[in-house]
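Reading the structure
Here's the letter readout for the chains.
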Amino acid sequence: MGFVERSVVFLMVMMVAIKVSNAAVHKVGDSSGWTIIGSIDYKKWAATKNFQIGDTIVFEYNSQFHNVMRVTHAMYKSCNGSSPLTTFSTGKDSIKITNYGHHFFLCGIPGHCQAGQKVDINVLNVSASAAPTKSPSALASPVPVASTQAPSPNNASPLIVAKGAFGIIGLAMTVLVFSIST
Ligand SMILES: [Cu+2]
């Protein structure tokens, strides 16, 4: 492979590595899993998590006794599992979050949802607490800046993005040069 090809491959590997490292896996109910035993408060569980796009939600349960149905808000509220959007039933279902907003799930076995086996995965479109390398849309949003410090706050966002990109490329190039010279 030539230098250019190697550079491109290396950069792609870097991008994938960065993407993977940002994504989290959330096991519903933590060690208890997806169950009606112990009356787990899945609302409470979800409230302690910071769900992001790219994260994976894992439902672990005994497939003889439970399942997982993705439903609408109305179905979630009324525990109606008669016409789910999707049904999962492997006993270990991994669902990747691909969009913002609420993702409603319940167990479709009669009585289980009423007993509390339901969860609302809410993916917030905010990243005030997120790392600076998160989505560009978050960086582009207007940030209140003291007028004495920055007379033109509109210029701040592209600068941050550019700095982040140069940082990644710079790091990649450094490693690349190192790998070639050895
Ligand atoms: Cu169940």
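Residues numbered from 1 in each chain as written. Predicted model: local features only at pLDDT ≥ 70, side-chain atom pairs only at ≥ 80, totals over all residues.

The name given to the chain in an unreviewed UniProt entry is Plastocyanin-like domain protein, with the source organism recorded as Medicago truncatula.

Observations concerning the overall build of the chain
On a plain count of helices and strands, the chain comes out with five helices and seven strands. Its helices and strands taken in sequence order, the chain reads α-β-α-β-β-α-β-β-β-β-α-α from the N to the C terminus. Every one of the 182 residues in the chain was classed for burial, and the buried ones make up 17%. Considering only residue pairs separated by 6 or more positions, the chain has 69% of its internal contacts joining residues 24 or more positions apart. (Helix = DSSP H or I, 4+ residues; strand = E, 2+ residues; numbered from the N terminus. Buried ≥ 20, exposed ≤ 12 C-beta atoms within 10 Å, placed from the backbone. Contact = placed C-beta atoms within 7 Å.)

Brief notes about the pairing of strand β3 (residues 68–71)
Two faces make up the sheet, and in a regular strand the side chains alternate between them. Bridge count between β3 and strand β4 (residues 86–88): three bridges; the pairing is antiparallel. The residue bridging Val68 from the neighbouring strand is Phe88, located in β4. Pairing analysis gives three bridges linking β3 to strand β6 (residues 101–106), with the strands arranged antiparallel. Residue pairing for β6: Arg70 is matched across the bridge by Phe105. (Pairing = 2+ DSSP bridges.)

Quick look at the sheet that holds β3
Strand order in this open sheet of four strands is β4-β3-β6-β7, and the pairing throughout is antiparallel. This sheet does not close on itself; its edge strands, each paired only once, are β4 and β7 (118–123). The sheet shows a mean angle of 25° between the axes of neighbouring strands, direction not considered. (Axes fitted to C-alpha atoms, helices over the stretch in contact; angles between N-to-C directions.)

A short note on the environment of Met75
By the element assignment, Met75 lies in helix α3 (residues 73–78). Overall, Met75 belongs to the buried group, with 20 C-beta atoms counted inside 10 Å. Sequence-wise, Met75 and Phe104 are 29 residues apart; in three dimensions their C-alpha atoms are separated by 8.7 Å.

Things to note about the nonpolar core
In this structure, Trp34, Phe59, Val68, Val71, Phe105 and Leu106 are the most contacted members of the largest nonpolar core, which totals 18 residues. Of all the secondary-structure elements, those providing two or more residues to this core are β2 (56–60), β3, α3, β6 and β7. In contact with Phe59, other than residues within four places in its own chain, are Val28, Trp34, Val68, Phe88 and Asp93. (Core = buried A, V, L, I, M, F, W, Y, C linked by C-beta atoms within 7 Å.)

So, the confidence of the model for the chain
Of the residues in the chain, 59% reach a pLDDT of 70 or more, and the chain-wide mean stands at 77. Confidence drops under a pLDDT of 50 for residues 130–166, and excluding neighbours within four residues, the segment shows 17 contacts in the predicted structure. (pLDDT = per-residue confidence, 0-100.)

Quick notes on the environment of Lys96
Mapped onto the secondary structure, Lys96 falls in strand β5 (residues 92–96). On the basis of neighbour counts, which here come to 11 C-beta atoms within 10 Å, the residue Lys96 falls in the exposed class. Taking the C-alpha atoms as reference points, Lys96 and Ile57, separated by 39 residues in sequence, lie 6.2 Å from one another.

Considering unusual backbone geometry
Phi at Asp30 takes a positive value of approximately 50°, unusual for a residue other than glycine. Relative to the helices and strands, Asp30 resides in the loop between β1 (25–27) and α2 (42–47).

Concerning the sheet that holds β5
Strand pairing within a sheet occurs via backbone hydrogen bonds; the two strands may be parallel or antiparallel. Within the open sheet, the three strands sit side by side as β1-β2-β5. Their pairing is mixed. Of all strands in the sheet, those with a lone pairing partner are β1 and β5, marking the two edges. Adjacent strand axes in the sheet meet at a mean angle of 20°, parallel and antiparallel pairs treated alike. Examined bridge by bridge, β2 and β5 share five bridges and lie antiparallel to one another. Along β5, the bridge assignment pairs Ile57 with Ile95.

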